[in-house]
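Here are the chains, one letter per residue:
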Amino acid sequence: LAAALVLNTHSLLASLQRNELSERRFLQLNKCPACWGTSWCRKFLNGQLRLESWGRLRLLDFFNVKNVYFARYGEPREGSRRVVLKRLGSAQELADIDTKICRRATGRGRCDLLQALPATEFASLNGDVRLLTPGAVEGWSDLVHCPSQRLLDRLVRRYAETKDSGSFLLRNLKDSERMQLLITLAFNPEPLVLQSFPSDEGWPFAKYLGACGRMVAVNYVGEELWSYFNAPWEKRVDLAWQLMEIAEQLTNNDFEFALYLLDVSFDNFAVGPRDGKVIIVDAENVLVADKRLIRQNKPENWDVWYESKFDDCDKEACLSFSKEILCARVTVDHNYYAICQNLLSRHATWRGTSGGLLHDPPAEIAKDGRLEALLDECANPKKRYGRFQAAKELREYLAQLSNNVR
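The structure displayed is predicted, hence computed values, not measured ones. (Residues numbered from 1 in each chain as written. Predicted model: local features only at pLDDT ≥ 70, side-chain atom pairs only at ≥ 80, totals over all residues. Heavy atoms only, no water.)

A separate point is the overall build of the protein. Scanning the protein for helices and strands turns up 17 helices and twelve strands. Taken over C-alpha atoms, the radius of gyration comes to 23 Å for the protein, in line with the 22 Å a tight globule of 406 residues would show. When its C-alpha atoms are laid out on the principal axes, the protein stretches across 65 × 60 × 45 Å. Burial analysis of the protein (406 residues in total) assigns 50% to the buried set. Once local pairs closer than 6 in sequence are excluded, the contacts in the protein between residues at least 24 apart make up 68%. In the structure as shown, the protein presents an accessible area of about 19100 Å², 49% of it carried by carbon and sulfur atoms. Charge centroids of the protein, computed over 55 positive and 53 negative side chains, lie 5 Å from each other. (Helix = DSSP H or I, 4+ residues; strand = E, 2+ residues; numbered from the N terminus. Rg over C-alpha atoms; globule rule 2.2 N^0.38 Å. Buried < 20%, exposed > 50% of the residue type's maximum accessible area, 1.4 Å probe, protein only. Contact = heavy atoms within 4.5 Å. Areas by Shrake-Rupley, 256 points an atom, 1.4 Å probe, with all protein chains shown as cover. Lys, Arg positive; Asp, Glu negative; His and termini not counted. Charge placed at Lys NZ, Arg CZ, Asp CG, Glu CD.)

Here it is as structure tokens:
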């Protein structure tokens, strides 16, 4: 890498001076409507966003497999603030979707995307189609593994990449907007999760800002949860309490949508530097089950409490779950299980560490033994329905500990 930097000094200096975020090719705007949206294109193309320092060096893209960038966004009246830019996939994954579109339309691996799109399923709902229905998109991604009409109406009504947001009628969107919506839903539905369950309404997700081509902008929250692994005990207790509160909110809420986190690791959460608030910053793998629909359809064992099975694997961030069961039960402990096993308990492993976020408690708490017992029962319950009770008591106990150290 050092040799490459030296050999390419001239081009490096040029790249540091350029603002690639104002270039249509870098944004892959030419791919639209096989893209994520255009609502922020004016801001990008006007030069209001600039990649931060080393993010301007394309040589470093080799290490940036997830295609996540940090940038500064400037508003004349508000000044500059940090934002996170995501392509929503690796370079190979993005190339694969192009190949898929071409093969579906022409049978060949390469083609003119704009000409090919009308022959794919992404254009099947164009025209005078009134609603986005479960039968059209079920199973396309985790978000719509088992969609209800109520959920899909919410997705369309809150779709931010259209000027006509607020209507659940699909026919009120332009054909290009419908294709963008469907491609996002199939490839990586994270933007739709952030739009449908927005932070402005109290949901624990990063704020969605907009998109241009194949680049999505979201609000920068703060450092990853991982950076707090060795923070003072009182800080870690507060973060642990917030994580359990997130698990409760996503499982039981007034909207009767259960949002199950299928990928839980220290890198998927971040902490606000000012308010200390924990936020989910990676929402690609979120399954949404409609509890109202489950109660209405009454599938087999729908009212039997479901206990997730502890996964004692030798890898990081392991989770054991059945999407079909998550979609068919009203009372499920998955989120408590995921947070306890992968983040809080002694079973949590990440980047060579063990012991979880609540490792090495003060002597008096370790001697008392209650915290360890609750964490163990929450991660790997010994009693029937033990995790449900342990999660409830753990939330209360962490709240008590957090209040005591404030």
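Turning our eyes to something else, we now look at the pairing of strand 4 (residues 208-212). Among the five residues of strand 4, five are classified as buried, and the element is accordingly described as predominantly covered. Sheet analysis places strand 4 next to strand 5 (residues 215-219), joined by four bridges and oriented antiparallel. Looking at strand 5, one finds that alanine 211 is bridged to valine 216. The antiparallel hairpin formed by strand 4 and strand 5 contains two residues in its connecting segment, where glycine 213 sits at a positive phi of about 65°. (Pairing = 2+ DSSP bridges.)

Attention now goes to the nonpolar core. Counting residues in hydrophobic clusters, the biggest one holds 91 residues, and the most contacted among them are Phe205, Met244 and Phe269. Ranked by the residues each element gives to this core, the list is headed by helix 11 (residues 233-251), at nine residues. The residues touching phenylalanine 269, leaving out its near neighbours within four places in the chain, are Glu224, Leu225, Leu243, Leu261, Val264, Val278, Ile279, Ile280, Val281, Ile339 and Leu343. (Core = buried A, V, L, I, M, F, W, Y, C linked by side-chain atoms within 4.5 Å.)

Moving on, we get to the UniProt feature "domain: FAM69 protein-kinase" (unreviewed entry) in the protein. Per the UniProt entry, the sites bearing "domain: FAM69 protein-kinase" (unreviewed entry) are residues 183-381 in this numbering. The distance from the first to the last C-alpha atom of residues 183-381 is 40 Å, and the span holds 35% helix and 16% strand. (UniProt positions renumbered as here; feature names shortened; annotations may be inferred.)

Take the sheet that holds strand 5 next. Strand order across the open sheet formed by five strands is 1-2-3-5-4, with antiparallel pairing between neighbours. In the strand order of this sheet, the two ends are held by strand 1 (49-51) and strand 4, each with one partner. Strand-to-strand twist across the sheet, computed as the mean angle between neighbouring axes with direction ignored, equals 35°. As paired elements, strand 2 (residues 68-75) and strand 3 (residues 79-86) share eight bridges and run antiparallel to each other. The residue of strand 3 that forms the bridge with tyrosine 73 is arginine 81. (Axes fitted to C-alpha atoms, helices over the stretch in contact; angles between N-to-C directions.)

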